[in-house]
Amino acid sequence: MSILELDLKNRRRASRINRAVRITTVDRDHRRGLSVALNVSSTGARLVLTHACQETFVVELDAHTQVLARPVWKRPLDRSMVVGIKFEFRCDRERQQVIRFLQRLAA
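Rules used in this analysis
- Residues numbered from 1 in each chain as written.
- Predicted model: local features only at pLDDT ≥ 70, side-chain atom pairs only at ≥ 80, totals over all residues.
- Heavy atoms only, no water.
- Helix = DSSP H or I, 4+ residues; strand = E, 2+ residues; numbered from the N terminus.
- Contact = heavy atoms within 4.5 Å.
- Core = buried A, V, L, I, M, F, W, Y, C linked by side-chain atoms within 4.5 Å.
- Buried < 20%, exposed > 50% of the residue type's maximum accessible area, 1.4 Å probe, protein only.
- Pairing = 2+ DSSP bridges.

1. What to know about the environment of Val98
Its location among the elements puts Val98 in helix 1 (residues 92-106). For the pair Val98 and Ser42, spaced 56 residues apart in sequence, the C-alpha separation works out to 6.3 Å. Not counting the four nearest positions on each side in its chain, Val98 is found in contact with Ser41, Ser42, Leu61, Thr65, Val67, Phe87 and Phe89.

2. Examining the nonpolar core
The tendency in soluble globular proteins is for nonpolar side chains to be buried as a group. In terms of nonpolar packing, the biggest core is built from 22 residues, with Val40, Leu47, Phe57, Val59, Leu61, Ile85 and Phe87 touching the most fellow members. Elements with a minimum of two residues in this core: strand 2 (21-26), strand 3 (32-41), strand 4 (44-49), strand 5 (57-62), strand 6 (65-77), strand 7 (80-88) and helix 1. In terms of residue count, the dominant contributor to this core is helix 1 (4 residues). Apart from residues lying up to four places away in sequence, Phe57 is in contact with Thr25, Val26, Asp27, Leu47, Leu49, Val67, Leu68, Ala69, Pro71 and Ile85.

3. Describing the pairing of strand 3
Counting buried positions along strand 3 yields 7 of 10 residues, so the element is predominantly enclosed. In this sheet, strand 3 lies alongside strand 1 (residues 16-17) in antiparallel orientation, the contact comprising 2 bridges. Residue pairing for strand 3: Ile17 is matched across the bridge by Val40. Sheet topology places strand 2 next to strand 3; 6 bridges connect them, and they run antiparallel. Opposite Ile23, over in strand 3, you have Ser35 as the bridge partner. Where strand 3 hands over to strand 4, the hairpin turn is made up of 2 residues, counted between the paired strands.

Structure representation (structure tokens):
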């Protein structure tokens, strides 16, 4: 694993919580995949995916937090891929769910 893929410097405007979190991805065909988020912010996350990633997919951060995600960059990593995603909020409720998730994670 390259140090560049795991570099935790904050290059975004939104604050990140740098903690590995188990997440679930759901593609357009409703296939579920288990993954890990290396960090999460109110605008996106850095994921390690062991499966191909589509143009958009749903990320389940926990049982109460689901949000549409769009990959903005990808880097190969051994047999997996590190992917930077941007959250595509479909409504204000989803944005609030992510904010509450981050508050729980930071507590």
